[in-house]
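The residues making up each chain are set out below.
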Amino acid sequence: MGAGDRFMSATQSLLIVLEAAEKARDEAVAAHEARRKAYEAARQQAQSLTDWRHDYQNRWQAQFRQSGGMEIVRCYQDFMQRLGDAVGAQDQQVAQAQTLMERSRLELIERERRVAAVSKLIDKRLLEQRARLSRQEQKATDEIAARTTRLSAGFGSSEGETLASF
């Protein structure tokens, strides 16, 4: 196997690695986008619950000022407790979604780095191959020039010797 064949084989291997890295990166992009959407949905749900709880409190406080028996106050307190629990649970979901989104972002960054590293290695190998080919072409050109000079010099001395003998 010649140097050119080894280079092509190594380049093909790197292209396969690059393709796999790009596929992994694309999957990481999709996963990150899904996690970002899940986070945003959880955050919006938490905000809606918080807003609803605030509105509910304001409505009932106005109701209590008008009339408020103990039974109504107890019902209100129980419901507010359950609503507070729901808001807390939703806040936990938001925090968890945010953590997952951050992990997927870091994974995406790592996948992007891998793609960039493999691409850079391929570029480096291509530059090395071009330089190698350029050196080979220069060497071949130099050899042809040297042969031409030797042949010209050889023809010149033969003619000179031939003319000198007359």
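Just so it is clear, the model here is predicted, and its values are computed rather than measured.

Enquirer: Let's hear about the overall build of the protein chain: which residues, and what values?
Expert: Counting its regular elements, the protein chain contains two helices and zero strands. Taking contacts inside the protein chain between residues at least 6 apart in sequence as the whole, the part at least 24 apart equals 87%.

Enquirer: Before we move on, can you summarise the pattern of salt bridges with the specific residues and values?
Expert: In this structure the tally under the stated criterion is seven salt bridges. The salt bridge involving Arg25 is made with Asp26; its shortest N-O contact spans 3.1 Å. In this structure, Glu40 and Arg43 form a salt bridge, with 2.3 Å as the shortest nitrogen-oxygen distance. Of this pair, Glu40 and Arg43 both sit in helix 1 (residues 3–66), three residues apart, which is roughly one turn of the helix. Its relative accessible area of 34% is what places Arg43 among the partly exposed residues. In the salt-bridge network here, residues are joined through shared partners; they are Arg25, Asp26 and Glu112.

Enquirer: Residues and numbers for the side chain of Gln90, please.
Expert: By the element assignment, Gln90 lies in helix 2 (residues 70–164). We classify Gln90 as buried; its relative accessible area is 10%. Setting aside chain neighbours within four positions, we find Gln90 in contact with Ala42, Gln45, Ala46 and Leu49.

Enquirer: Tell me about the side chain of His32, and name the residues and values.
Expert: Along the chain, His32 turns up in helix 1. A polar atom in the side chain of His32 sits 3.4 Å from the backbone nitrogen of Arg105.

Enquirer: Lay out the packing of aromatic side chains with the relevant residues and their values.
Expert: Across all of its chains, the model carries six aromatic pairs by this definition. Look at Trp52 and Tyr56: their rings are 5.6 Å apart centre to centre, the planes differ by 20°, and that puts the pair in the stacked class. With a gap of four residues between them, Trp52 and Tyr56 both fall in helix 1, about one helical turn apart. Using a relative accessible area of 40% as the deciding quantity, one classes Trp52 as partly exposed.

Enquirer: Kindly report on the environment of Arg103, identifying the contributing residues and their values.
Expert: Looking at where Arg103 falls in the secondary structure, it is placed in helix 2. With a relative accessible area of 55%, Arg103 lands in the exposed category. Measuring from C-alpha to C-alpha, the distance between Arg103 and His32 comes to 8.5 Å, with 71 residues separating the pair along the chain.

Parameters at a glance
Residues numbered from 1 in each chain as written. Predicted model: local features only at pLDDT ≥ 70, side-chain atom pairs only at ≥ 80, totals over all residues. Heavy atoms only, no water. Helix = DSSP H or I, 4+ residues; strand = E, 2+ residues; numbered from the N terminus. Contact = heavy atoms within 4.5 Å. Salt bridge = Lys/Arg side-chain N within 4 Å of Asp/Glu carboxyl O. Buried < 20%, exposed > 50% of the residue type's maximum accessible area, 1.4 Å probe, protein only. Polar contact = N/O pair within 3.5 Å; in protein donor to acceptor, adjacent residues only side chain to side chain. Phe/Tyr/Trp six-rings, centres within 6.5 Å; stacked < 30°, edge-to-face > 60°.

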